[in-house]
Amino acid sequence: MTSAVACNTEELLAVLMSREIHDWEISACGAVSMIPAAALLLAEATHAPNADIIILGSEQLDRNLGKDIHFLSQRGKLDLFFHSAIQFDAEGNFNLHVVGDPNAPELRLPGGYGSGLMSYTAKRILFFRTEHTTRTFVPKVDFVSGAMVTPPSIKRPQDNFKIFTTMAVLVFDRATNSYRLESVHEGFTPQQVQERTGFSLGSLEGIPVTPPPTAEELHTLRTEVKERMIETGTYPQWARTILQPA
Amino acid sequence: MGVPYIPVRGLAGTDVFKRRDDMIIATNPFDPTEETVVALAQNPNVAILHAQKADRDGNALLRKHGEDVMVAQASHRVIVTAEEIVDKVTADDEGGQFISAINVTAVVHAPGGAHPAGVPGYYEQDADHIREYMRAASDEALFRQYLAKYVIGKTEEEYQSMVRQGSRVEVHAAGGGG
């Protein structure tokens, strides 16, 4: 029996995403992906000890792959890739390039590579976003960095994909090409999530509560994973400041 | 590779694709049910690559994780600038990625040539200078000032002596205990 333990947003998302990492698979995250890095290491420390994990922003855990990660993914051998975006829209497009007019942007983001290539070739994509607002979930993105719906002639994995936010887990259902709520985190209602989403999430009835992080998961994250991040040059400053004391 | 174009998995339906005229969607000639993006080969006239070491024949040792060898192979002419010119660089040398002289047109001795980026084993990146550059690059007038200060009408020696006043000195000082 485990009791609920308070945790911050980053810890919550790291724990929830770690549960999606499968043992024996190859899972990777790109640069500036601290939360996925923690999720990967947590999965490795718990239920996925034989997972191949690739953390591109890490000094020691990037596996020295260089362009091999690109070709691995192009060959369809990358099982899971983590991604973020500044905007998501109803049609499954996401934006990691610019906010505002693309020719005179208000904000410029690092953008293109993972969005345009990895998100098309990795078998499963997990998105994460540390806010849940109508500026993130919009009817139409300002710039399409990745189109998750393409004609059947474009051969690519077509699994459902998920977005993990501070309020909920959203699933993009390939059968209907629309988002629905998989679960809502403790402390929020499906109606509140819908209010902060700029497109319909379909039925709000019977949506389960996201199983919160267990005491064991948080303990491992705050001890073993934190130490490993610091030791291996995997966002050590982030690990020290964001992951709480055990 | 020498190919005129290459199929790429990805990019279909993106605004990146729509804004470029060097990529199209084409049918797989061996499978009419499949389409992919096809990208035009990029063949720069000249590539300039900075190495740790090079020899007079053009063999060089470059930073490990970059795609410099690919860039060299794609380019018509390749100039290698190097921290050090040594007698012989071979594929067995450690600490970098080997590029053969067959891919190199010319070699230039250019110590400090990566500034404000760093070279492993030689110097760290100059974070202050990069910040200065980024501030300048955000604004047309500031960028003109930057160019006037560091680039236009300046020799390599003048540039190096200006930037050496900054963090390069600190880097050497920080390494003084070793």
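Before reading further, recall that the structure is shown in the block above.
Participant: In this structure, what is going on with empty space enclosed by the protein? I would like to understand it.
Facilitator: In this approach, a probe sized like a water molecule rolls over the atoms, and the result shows the empty space that is left. Considering all chains together, one arrives at two cavities of 30 Å³ or more under this definition. Here the largest cavity defines a volume of roughly 70 Å³. Considering the residues around the largest cavity, the lining is formed by 13 residues, among which Ala122, Lys123, Ile125, Pro157 and Arg174 of chain A are closest to the centre. Elements supplying a minimum of two residues to the lining of the largest cavity: α4 (112–121) and β8 (124–128) of chain A. Split by residue class, the lining of the largest cavity holds six nonpolar, two polar and five charged. The calculated volume of the second largest cavity comes to roughly 50 Å³. Taken together, Tyr120, Ile154, Lys155 and Arg156 of chain A together with Val8, Arg9, Gly10, Glu35 and Thr36 of chain B make up the full set of residues lining the second largest cavity. Partitioned by chemical class, the residues of the lining of the second largest cavity number three nonpolar, two polar and four charged.

Participant: I'm lost on the sheet that holds strand β1 (residues 26–29) of chain A in this one. Help?
Facilitator: Residue and element names in this part refer to chain A. If you trace the seven strands from one edge of the open sheet to the other, you get β2-β1-β3-β8-β11-β12-β13, paired in mixed fashion. Two strands bound the open sheet, and with one partner strand each, they are β2 (52–55) and β13 (178–184). Averaged over all adjacent pairs, the angle separating strand axes in this sheet is 20°, with direction ignored. Across six bridges, strand β12 (residues 168–173) lies against β13 in antiparallel orientation. In the sheet register, Val169 faces β13, and the bridge partner there is Ser183. On top of the sheet, helix α2 (residues 34–45) reaches β1, β2, β3 (80–84) and β8; it is set at about 160° to β2, its chief contact.

Participant: Teacher, can you tell me more about the packing of helix α1 (residues 9–18) of chain A against helix α6 (residues 215–231) of chain A here?
Facilitator: Residue and element names in this part refer to chain A. Between α1 and α6, the least distance of the axes is 10 Å, while the angle of their chain directions is 110°. Looking at the two axes, α1 sits roughly perpendicular to α6. In the packing of α1 onto α6, the handedness of the crossing is right-handed. Across the interface between the two elements, Glu11, Ala14 and Val15 of α1 pack against Glu217, Leu218, Leu221 and Arg222 of α6. Each residue belonging to the contact of α1 with α6 can be placed in one class, and the counts come to four nonpolar, no polar and three charged.

Conventions used here
Residues numbered from 1 in each chain as written. Chains lettered and ligands numbered in written order. Predicted model: local features only at pLDDT ≥ 70, side-chain atom pairs only at ≥ 80, totals over all residues. Heavy atoms only, no water. 1 Å grid on protein atoms, 1.4 Å probe; cavity = no way out; pocket = protein on both sides within 12 Å on 5 of 7 lines; lining within 4 Å. Points joined across faces, edges and corners; volume = space filled by probe spheres on them. Helix = DSSP H or I, 4+ residues; strand = E, 2+ residues; numbered from the N terminus. Nonpolar A, V, L, I, M, F, W, Y, C, P; charged D, E, K, R; others polar. Pairing = 2+ DSSP bridges. Axes fitted to C-alpha atoms, helices over the stretch in contact; angles between N-to-C directions. Contact = heavy atoms within 4.5 Å. Parallel < 35°, antiparallel > 145°, perpendicular 65-115°, else oblique. Left-handed = near helix turned anticlockwise from the far one by under 90°.

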